[in-house]
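Fold and geometry: a report
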Amino acid sequence: MSGADRAKQAAAEAAARLVESGMRVGIGSGSTVRHLILALGRRVRAQGLRLVGIPTSTETEALALTQGITLAEPDGTPLDLAIDGADEVERGTLRLIKGLGGALLREKIVAEAARRFVVIADASKMVETLGERAPLPVEVVRFGHAATAQRIAVLGGRPVLRRAQGEAPFITDGGNVIYDCPGFAPIRDPFTLARDLRAIAGVVETGLFPSHAECALIGTADGAVTELERPA
């Protein structure tokens, strides 16, 4: 196992220990969350852990089912806890960029439905200012998406349509496309940027999570985990 994988596994297993029987738990997407799902599956089999998982992607759903985790969709009942990864975690604020895996819309729906939202990541995801390493993903409806991208470009985003294999656009689980926007970096005011982007017709959601995370569990290559709390 690589150092990065050990870091992801350590953070994920620490988060899995937060789950108690009877909880409704939002389960995010991505490589770090894969370790979380496997850790929860081990607890289900070895300890009889009972939980209802709310998956944020079809990939998460498929893996969770193989682990014996009961699943459901959001139904308006508050979730006890949501756990997800991040593409960037801003040091000191716990503001996030998410969505390089393409599930940002469902991830935000689940995060906002939860009483507690915990981020798991390896140390490479820590940044001083959002946008240092990851472009900002913006999910856009397919109808007229090129025109929507032009309006995003006016804001300075330099949007690039995400592609799947070949030249076909990447399509999200919600049936939309994603424009990755490196031009917004450095993102010093994510609240205003999110508001301006959401005001554009055709923009469904952004990968900015400026105030959702309660804490972040950051793993390192030696298997240690540091817990970072959002400032009051």
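What follows concerns the overall build of the protein chain. When its secondary structure is counted, the protein chain shows six helices and 15 strands. Taken against the 2.2 N^0.38 rule, which gives 17 Å for 232 residues, the C-alpha radius of gyration of the protein chain at 17 Å falls within 12% of a compact globule. C-alpha atoms of the protein chain, sized along the principal axes, occupy 55 × 35 × 35 Å. Within the protein chain, buried positions represent 48% of all 232 residues.

Next up on the list: helix 3 (residues 58-66). Every buried residue of helix 3 is listed here: Thr60, Leu63 and Ala64. The buried residues of helix 3 occupy an angular sector of 100 degrees when the element is viewed end-on, so they sit on one face. Opposite the buried face of helix 3, by more than 90 degrees, sit the exposed residues Leu65 and Thr66. For helix 3, the secondary structure elements touched by its buried residues are strand 1 (23-27), helix 2 (31-47), strand 2 (51-55) and strand 3 (70-71). Taken from the residues just after helix 3, glycine 68 is the one with a positive phi, measuring 75 degrees.

Our focus in this paragraph is the pattern of salt bridges. In the structure shown here, the tally under the stated rule is 13 salt bridges. Salt-bridge contacts for aspartate 80 lead to arginine 115; the nearest nitrogen and oxygen are separated by 3.2 Å. Linking aspartate 80 in the loop between strand 3 and strand 4 (81-84) with arginine 115 in the loop between helix 4 (104-113) and strand 7 (117-122), this pair joins segments that are 35 residues apart in sequence. Linking glutamate 107 and lysine 98 is a salt bridge whose minimum nitrogen-to-oxygen distance equals 3.2 Å. When salt bridges with common partners are traced through the structure, they connect Asp84, Lys98 and Glu107 into a single cluster.

Taken across its six residues, strand 7 has six buried, putting it largely inside the fold. Of the two faces of strand 7, the one carrying Phe117, Val119 and Ala121 and the one carrying Val118, Ile120 and Asp122 are both buried. Bridge count between strand 4 and strand 7: three bridges; the pairing is parallel. Within strand 7, the position partnered with isoleucine 83 by the bridge is valine 118. Of the pairings in the sheet, the one linking strand 7 to strand 14 (residues 215-219) comprises five bridges and is parallel in character. From the neighbouring strand, valine 119 faces strand 14, where its bridge partner is alanine 216.

Take the sheet that holds strand 5 (residues 88-90) next. Spatial strand order, 8-5-6-13: four strands in an open sheet with mixed pairing. Each end of this open sheet is capped by a strand with a single partner; those strands are strand 8 (126-127) and strand 13 (208-209).

Conventions and cut-offs
Residues numbered from 1 in each chain as written. Predicted model: local features only at pLDDT ≥ 70, side-chain atom pairs only at ≥ 80, totals over all residues. Heavy atoms only, no water. Helix = DSSP H or I, 4+ residues; strand = E, 2+ residues; numbered from the N terminus. Rg over C-alpha atoms; globule rule 2.2 N^0.38 Å. Buried < 20%, exposed > 50% of the residue type's maximum accessible area, 1.4 Å probe, protein only. Arc of directions from axis to C-beta. Contact = heavy atoms within 4.5 Å. Salt bridge = Lys/Arg side-chain N within 4 Å of Asp/Glu carboxyl O. Pairing = 2+ DSSP bridges.

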